[in-house]
Structures are given as structure tokens and as C-alpha cells.
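Below, each chain spelled out in residue letters.
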Amino acid sequence: MNHSSIFNPYQTKDSSDDQVLYDYLINSVQTDSPEQLLDDFQALFIEGRGFRHPKVYIALERITKAKNADQAFNYIFNRCCHIVINRWQMQPDLQREIPRLIYLFDKVRGGDIASYSTSSRVRQLVKNFIQTEQFVKLKRIADVIDSKQSISNNTTSVGKLIHRYPYLYDYCLLGEDSSDEHQQTVRRIKSQTERRFEVNLSRYVTYKVRTAQGANSGLILPKTELILPVKNPTLLTDKELNRSLKHFVGNVEGNHSYKSLSQSFVNHTVHTQTFGAFKDDLYEYVVGSLDSKYSQGQFNKKLQHLLQSTLPECNHQKPTEFLMMRTSSQLLNFLIVESPHQPEHYVFIDLITNLGVTRTVGLFLKIILFSKKVRPYLEKRFSILFNHYESFSREGVPWLVKALENMQLALSVHFGKVDLSGLKQNQLN
């Protein structure tokens with residue numbers, strides 16, 4: 001998701017009041033201790049009482065009493081939070097303070113928005129804010145950073161797993177009105193999370209390959225050469241992870257891997273004369289990953305209908321990048337989920353039931369390897385499912401957790417910076 005700087009639609013003409021709050025926090029987060037800043041948030045926004053800096057409190061008072069206070073406050077308060085979060089996130093020893101800041105709002109008591117009392121109005125405005133999607137995204141950031149307690153047992157909710165899936169961050173942690181501070185924070189966290197997973201995955205694979213080689217050679221290593229065990233970095237079992245790695249890296253159709261299949265298809269489409277012919281070829285490309293018994297059922301008919309009904313007026317044109325991307329995105333709609341407003345995902349469930357999670361994710365991988373610019377669209381589809389099941393327990397939707405884990409694995413293998421292409425299928429056990 002590409003966010004540009006966002007213009008604040010709720011600024012006053014001189015924007016002095018909101019700027020007073022921003023300037024105060026920008027200065028305080030650089031000079032004050034986290035404890036002092038948390039106390040300030042408690043005083044200003046949770047209790048709404050008088051403040052040690054009268055100018056700041058007066059500015060807040062004017063904001064709460066403005067005609068458009070209900071709407072303006074959400075934007076201003078959200079940005080206040082992100083000014084602090086962004087600075088703390090840049091300092092590893094202060095990152096642990098971010099969840100403490102967000103969890104402060106669990107203590108907020110409602111007030112009376114119609115009251116003349118500033119404290120009562122502030123409390124109610126903050127209470128309203130924690131019912132918004134903006135606050136949901138703040139809570140997710142806290143969960144990402146406070147991830148040590150996120151996977152303690154099988155009853156943990158799906159939402160608590162957000163830290164594991166950086167490919168969801170652009171859609172689950174950012175919104176159309178995200179400030180520069182918010183975007184910078186998420187980009188930084190995303191990069192760190194991706195790199196950490198890739199390093200852990202690489203170490204795990206190296207460990208498994210070395211132990212397999214040692215076992216095959218029959219050698220008994222002296223204690224000084226013992227191979228230290230490396231923890232599986234996923235929520236899959238070792239057997240599931242090894243099987244998925246073999247699938248995503250190795251051959252899946254004859255002597256072809258997903259990478260070679262997609263490259264062959266790209267090379268073929270260069271010579272395709274019409275958009276109609278491209279859609280026919282795409283159909284064959286997709287069903288090539290399916291069991292013949294499954295593909296001969298209703299799935300094939302629905303897939304064929306989808307492709308034939310996609311921009312039929314362009315069938316005789318040259319297949320441009322736009323037409324191929326549009327078709328690929330429609331295909332992902334069909335295979336995964338349409339939209340947040342139409343969250344039905346019967347085809348996705350049917351694919352998983354008949355093909356298994358790994359092969360289903362492999363089908364999606366095949367599409368984004370051919371059309372790399374449609375990858376964000378795939379990530380958006382998965383974020384819709386994640387949001388839909390966020391409050392469910394992990395054990396209630398095990399297929400979704402496995403799909404999320406396999407997607408993370410597939411993206412890291414094919415788009416990450418850790419090269420696993422030399423891994424032979426028989427090197428993992």
C-alpha cells in the first residue's frame with residue numbers, strides 16, 4: 001500500500017491548537033522519560049484533568065469544544081499516539097513502552113460529550129476513539145511489538161498472531177488516513193519482522209540439512225562438533241514445515257518448480273497475440289496445478305466462466321500489462337475472497353479441503369510469480385480473511401493459521417533475501 005502524506009481535513013485556519021499538542025509531544029518524547037510521557041497521557045487523555053503545561057491543556061480544551069470535535073479529535077489523537085510510537089520504535093530499548101501506552105486506554109472512563117467540563121468531554125472523546133478502526137490498528141501494533149505473549153497456547157486468538165505476518169501489515173496496521181509517523185513505524189517494523197523470519201528460517205534449514213547429512217553418513221560427531229538445535233520458526237509442525245519447504249522450493253509439475261513454471265508462462269505470453277488467447281492460456285496454467293479429478297468438477301466450469309466474463313470486449317486486443325493484472329486480481333478474488341463487504345470464501349475452503357493448504361497456497365504463489373505486481377492484491381485478500389477471523393481462537397480455524405503460515409513461508413522463499421534455491425528435496429526429513 002502506497003500512502004502519501006495525508007492532509008488533515010480537520011485543521012483550523014492557523015492549525016494552532018493541534019500543532020501545540022504535536023509540538024509538545026515531539027519535544028517531550030525526545031527529552032522526557034517514558035514514565036513521564038505515560039503519566040502525561042494518563043493526565044491529559046485518560047483522566048482529562050489539569051495539566052502541568054497550561055498552554056497544552058488550553059489547546060486541548062479548545063479542540064474538544066470545537067464544532068467538529070467528534071471527527072477532528074479522532075484524527076488529532078491518533079496522530080498524537082503515533083508521534084510517540086514512532087520515536088519509541090526507533091529505539092530498541094524503548095519499544096516495550098509502546099504496548100504500555102496503548103494499554104492505558106483500557107482504563108478510560110466515559111464522560112459526557114455535552115458537558116461543559118473539559119475533563120468529561122476529553123474522556124468521552126477518547127472513549128469514542130477506542131471504538132474506531134484507527135484504535136484497532138493501534139492495538140495491532142501493540143500486539144506486534146508485544147509478541148512474546150502472543151503465542152503462549154492454543155487458545156490464543158487469531159488476532160494475536162498479527163506479528164507473525166508482515167505481509168498483512170500494510171492492510172491491517174495502516175489506513176487511508178495514516179500519518180507519515182504511522183507509515184514510517186509500520187515500514188520499519190515490517191522490514192525488521194521480515195528479516196528476522198528469513199534469518200530464523202535460514203538457520204533452521206541449515207540445521208535440518210546438517211543433521212540429515214550427519215545421519216546419512218553414519219558418522220558419530222565428537223562433542224565439540226555437536227550441532228546445536230534450531231527452533232522451528234513457524235507454527236507448523238516440523239513435518240509440515242519440511243513438506244511445505246520441499247513443495248515451494250522443489251519440483252511440483254514434472255521437472256518444473258513454481259519459479260520455472262512461472263518463467264515459462266511469462267516467456268509464452270510475450271508471443272500471445274490476443275487477450276482472449278491469454279485468458280485461455282491462463283486457464284491451463286492454473287488448472288495445471290490441480291488434481292485432474294478435482295479440476296474436472298464444478299471448479300473448472302466456474303473458473304472458465306470467470307475468465308471468459310472478464311473484460312470480454314478486450315478479447316481481440318493485445319494483452320497489455322493492465323489487462324493481465326486485472327485478470328489476475330479477478331482470479332484471486334474468485335480463489336480467495338471478494339471483499340470485506342462480501343467475505344464469503346467458499347472456493348478457498350473447497351481448495352484447501354481437496355488440495356490441502358500447501359498446494360492451495362502454491363496455486364496463489366504461481367499467480368503472483370507470473371504477475372508480481374498483483375502480489376499486494378493477494379496480501380489484501382489474506383488481510384480480509386485475517387480481519388474476518390480476528391476474534392476466533394487458533395484452534396477454531398486451524399486451516400487459516402496453516403494458510404497464513406504457508407503464505408509467509410512461500411513469500412519468504414520466493415521474494416525474501418535468503419536464498420534457499422539450492423535446497424534439495426531429499427535434504428530434509
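Notes on the structure in this doc start here. (Residues numbered from 1 in each chain as written. Predicted model: local features only at pLDDT ≥ 70, side-chain atom pairs only at ≥ 80, totals over all residues. Heavy atoms only, no water.)

**Here's the deal with the overall build of the chain**
Inference 1: If you tally the helices and strands in the chain, you get 19 helices and two strands.
Inference 2: Across the 429 residues in the chain, those meeting the buried criterion constitute 53%.
Inference 3: The contacts in the chain between residues at least 6 apart in sequence include a share of 73% that link residues at least 24 apart. (Helix = DSSP H or I, 4+ residues; strand = E, 2+ residues; numbered from the N terminus. Buried < 20%, exposed > 50% of the residue type's maximum accessible area, 1.4 Å probe, protein only. Contact = heavy atoms within 4.5 Å.)

**Remarks on the environment of S117**
Inference 1: Position of S117 relative to the elements: it lies in the loop between α5 (97–103) and α6 (118–129).
Inference 2: On the accessibility criterion, S117 (30% relative accessible area) is partly exposed.
Inference 3: Sequence separation of S117 and E61 is 56 residues, and the distance between their C-alpha atoms is 9.2 Å.

**A short note on the nonpolar core**
Inference 1: Counting 128 residues, the largest nonpolar core has F41, L335, I336, L351 and F382 as its most contacted members.
Inference 2: Among all residues touching F382, those that are not within four sequence positions of it are Y167, L168, I336, F348, F364, A403, L404 and M407. (Core = buried A, V, L, I, M, F, W, Y, C linked by side-chain atoms within 4.5 Å.)

**What to know about the packing of aromatic side chains**
Inference 1: For the structure shown, the criterion picks out 24 aromatic pairs.
Inference 2: For the pair F41 and F77, a centre-to-centre distance of 6.4 Å together with 50° between the ring planes defines the contact as tilted. Of this pair, F41 sits in helix α2 (residues 34–46) while F77 sits in helix α4 (residues 69–89), and the two are 36 residues apart along the sequence. For the pair shown, F41 and F77 are each scored as buried.
Inference 3: Where Y389 meets W399, the ring centres are 5.4 Å apart and the plane angle is 90°; that geometry is what we call edge-to-face. Of this pair, Y389 sits in the loop between α18 (375–388) and α19 (398–415) while W399 is found in helix α19, placing the two residues ten residues apart along the sequence.
Inference 4: Given the relative accessible area of 11%, Y389 is considered buried.
Inference 5: Among the aromatic residues, those joined into a cluster by ring pairs are Y165, Y167, F348, F364, F382, Y389, F392 and W399.
Inference 6: Stacked on the ring of Y22, the Lys or Arg R79 has its end atom at 4.5 Å from the ring centre.
Inference 7: Above the face of the Y377 ring, R381 is positioned so that its terminal group lies 4.2 Å from the ring centre. (Phe/Tyr/Trp six-rings, centres within 6.5 Å; stacked < 30°, edge-to-face > 60°. Lys NZ or Arg CZ within 6 Å of the ring centre and 35° of its normal.)

**Digging into the pattern of salt bridges**
Inference 1: Evaluation of the coordinates by the stated rule reveals 20 salt bridges.
Inference 2: Here E61 and K65 are joined by a salt bridge, their closest N and O atoms 3.8 Å apart. Taken together, the residues E61 and K65, both in helix α3 (residues 54–65) and four residues apart, mark about one turn of the helix.
Inference 3: Take E61: its relative accessible area is 26%, and that puts it in the partly exposed class.
Inference 4: For K65, a relative accessible area of 41% puts it in the partly exposed group.
Inference 5: Between K190 and D170 there is a salt bridge, with the nearest N and O atoms lying 3.3 Å from each other. One end of the pair, K190, is in helix α9 (residues 180–217); the other, D170, is in helix α8 (residues 169–172), and 20 residues separate them in sequence.
Inference 6: For D170, a relative accessible area of 11% gives the class buried. (Salt bridge = Lys/Arg side-chain N within 4 Å of Asp/Glu carboxyl O.)

**Some words on the packing of helix α1 (residues 16–31) against α4**
Inference 1: Orientation of α1 relative to α4, taken along the N-to-C sense of each, is 15°, at an axis distance of 10 Å. Considering the angle they form, α1 stands roughly parallel to α4. Judged by the sense of rotation from one axis to the other, the crossing of α1 with α4 is right-handed. The segment α1 lies against α4, with D18, L21, Y22, L25, I26 and V29 engaging Y75, I76, R79, C80, I83, V84, R87 and W88.
Inference 2: Among the residues forming the contact of α1 with α4, the class breakdown is eleven nonpolar, no polar and three charged. (Axes fitted to C-alpha atoms, helices over the stretch in contact; angles between N-to-C directions. Parallel < 35°, antiparallel > 145°, perpendicular 65-115°, else oblique. Left-handed = near helix turned anticlockwise from the far one by under 90°. Nonpolar A, V, L, I, M, F, W, Y, C, P; charged D, E, K, R; others polar.)

**Some remarks on the environment of F105**
Inference 1: In this structure, F105 sits in the loop between α5 and α6.
Inference 2: Sequence separation between F105 and F135 is 30 residues, and the spatial gap between their C-alpha atoms is 9.7 Å.
Inference 3: The residues contacting F105, other than those within four sequence positions of it, are F41, I46, F77, C81, V126, I130 and F135.

**Details of α19**
Inference 1: In this model α19 runs 25 Å from its N-terminal to its C-terminal C-alpha over 18 residues, within 8% of the 26 Å that 1.5 Å per residue would give.
Inference 2: With 14 of 18 residues buried, α19 is to be regarded as a mostly interior element. (Expected span 1.5 Å × (residues − 1).)

**Topic: α1**
Inference 1: Taking 1.5 Å as the rise per residue, α1 with 16 residues should run 22 Å; its terminal C-alpha atoms sit 22 Å apart, in good agreement.
Inference 2: Considering only its buried residues, α1 is in contact with α2, α3 and α4.

**A word on the state of the cysteines**
Inference 1: In the structure shown here, the tally under the stated rule is zero disulfides.
Inference 2: Counting only cysteine sulfurs, C80 is the nearest neighbor of C81, a cysteine outside any disulfide, at a range of 6.9 Å.
Inference 3: Judged by its relative accessible area of 0%, C81 is buried. (Disulfide = S-S within 2.5 Å.)

**Section: the side chain of S289**
Inference 1: Mapped onto the elements of the fold, S289 is located in the loop between α12 (275–287) and α13 (292–295).
Inference 2: For S289, a relative accessible area of 10% puts it in the buried group.
Inference 3: A distance of 3.1 Å separates a polar atom in the side chain of S289 from a polar atom in the side chain of E253.
Inference 4: The contact partners of S289, leaving out residues within four places of it in the chain, are E253, R359, L363 and K366. (Polar contact = N/O pair within 3.5 Å; in protein donor to acceptor, adjacent residues only side chain to side chain.)

**Quick notes on the packing of helix α10 (residues 238–249) against helix α17 (residues 357–370)**
Inference 1: Running from N to C, α10 and α17 point in directions that differ by 30°, and their axes come no closer than 10 Å. Classed by the angle they form, the pair α10 and α17 counts as roughly parallel. As α10 packs across α17, the resulting crossing turns out to be right-handed. Across the interface between the two elements, S244, H247 and F248 of α10 pack against T358, R359, V361, G362 and L365 of α17.
Inference 2: Here the contact of α10 with α17 is built from residues that sort into three nonpolar, four polar and one charged.

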